[in-house]
Amino acid sequence: ANITRIDNGQIDLANIFKTCGPKVYCFKFVNTKIIANNYHINFYDSYIKPVQKIVLEGEKIYVDRFTNSEFISLKSTGQYTFNNKTNHFDLSMQSKIPFDKKDFSISTKTNNINLQDFSPYVQKVFPTLKTVNGFANVDLDVKNAKKFDVEATVNNFSYIDLKQGE
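Residues numbered from 1 in each chain as written. Predicted model: local features only at pLDDT ≥ 70, side-chain atom pairs only at ≥ 80, totals over all residues. Heavy atoms only, no water.

> Residues and numbers for a nonpolar patch on the surface, please.
On the surface, Val154, Phe157 and Tyr159 cluster together to form a nonpolar patch covering roughly 270 Å² of accessible area. For Val154, a relative accessible area of 38% gives the class partly exposed. (Patch = residues over 30% accessible without salt bridge, like charges linked within 9 Å, V, L, I, M, F, W, Y side chains within 5 Å. Areas by Shrake-Rupley, 256 points an atom, 1.4 Å probe, with all protein chains shown as cover. Salt bridge = Lys/Arg side-chain N within 4 Å of Asp/Glu carboxyl O. Buried < 20%, exposed > 50% of the residue type's maximum accessible area, 1.4 Å probe, protein only.)

Given below as structure tokens:
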């Protein structure tokens, strides 16, 4: 599947669901369970310039609760490739649909992240930072916009701030 985050930050999932003419039936999913085996997702992030591509691959995405336009809960273990570097991850996520920053949770673990690869994302949040260097092991647990726990081990960390220097 190909998924794109467009310039305004919204994620366009509509291109995943292809239509083949006029609708004859309407499907409603209520507390539905979905298993996607051997997945491969190309994620193109146009919100960050230049456009970033992240490839997600794994054995299984397990959606243990899905209701149309209301709620999704999923778990996955796999790997992501970003800037030609591959890392493993464990992910668990629950959210209202559409996404509501006041009512969601996400937890993930990943190791050996090259922080320089994520400099464009850091610059989006902290525009004066030119670059961030180092390697991190991260355990992230977010319960909503107010509760944000991160455990991280970072080695060889450095950054360049355009306002303050290194």
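> So, the nonpolar core: which residues are in play, and what are the values?
Val63 and Tyr80 are the most contacted members of the largest nonpolar core, which totals 18 residues. Where this core is concerned, the elements lending two or more residues are β3 (32-45), β4 (52-67), β5 (71-82) and β8 (129-144). Residues contacting Tyr80, with those up to four places away along its chain left out, are Ile54, Val55, Leu56, Lys85, Thr86, Asn87, Phe89, Thr110, Ile113 and Phe118. (Core = buried A, V, L, I, M, F, W, Y, C linked by side-chain atoms within 4.5 Å. Helix = DSSP H or I, 4+ residues; strand = E, 2+ residues; numbered from the N terminus. Contact = heavy atoms within 4.5 Å.)

> Describe in detail the pairing of strand β1 (residues 2-5), supporting the description with residues and values.
On β1, burial follows the alternation: Ile3 and Arg5 on one face are buried, whereas Asn2 and Thr4 on the facing-out side are not. Two elements, β1 and β3, share four bridges in a ladder whose sense is parallel. Among the inter-strand pairings, Thr4 is bridged to a residue of β3, identified as Tyr44. (Pairing = 2+ DSSP bridges.)

> Before we move on, could you go through the environment of Asn155 and cite the residues and values that matter?
In this fold, Asn155 is placed in strand β9 (residues 147-161). Residues Asn155 and Gly134, 21 residues apart in the sequence, show an inter-C-alpha distance of 5.6 Å. The contacts of Asn155, once residues within four sequence positions are left out, are Gly134 and Phe135.

> Report on the pairing of strand β7 (residues 104-114), specifying residues and quantitative values.
As defined by bridge partners, strand β6 (residues 85-96) adjoins β7 across seven bridges and the pair is classed as antiparallel. In the strand pairing of β7, Phe89 is matched with Thr110. Here β7 runs beside β8; their pairing, made up of seven bridges, is antiparallel. Across the sheet, residue Asn114 finds its bridge partner in β8, namely Phe135.

> For unusual backbone geometry, give the residues involved together with the corresponding values.
Look at the link from Lys49 to Pro50: it is a cis peptide, with omega at -5 degrees. Position of Pro50 among the secondary structure elements: in the loop between β3 and β4. If you check the backbone angles, Asn38 has positive phi at about 45 degrees while not being a glycine. Its location among the elements puts Asn38 in strand β3. For Asn38, a relative accessible area of 63% puts it in the exposed group.

> Account for the pattern of salt bridges, naming residues and giving values.
One pass over the full model with this rule turns up two salt bridges. In this structure, Lys85 engages Asp117 in a salt bridge whose closest nitrogen and oxygen atoms are separated by 3.2 Å. On the criterion of sequence distance, the pair formed by Lys85 in strand β6 and Asp117 in the loop between β7 and α1 (119-125) is long-range, its members being 32 residues apart. On the basis of relative accessibility, which here comes to 9%, the residue Asp117 falls in the buried class. Asp141 is the salt-bridge partner of Lys143, the closest N and O atoms lying 3.5 Å from each other. Residue class for Lys143 comes out partly exposed when judged on its relative accessible area of 38%.

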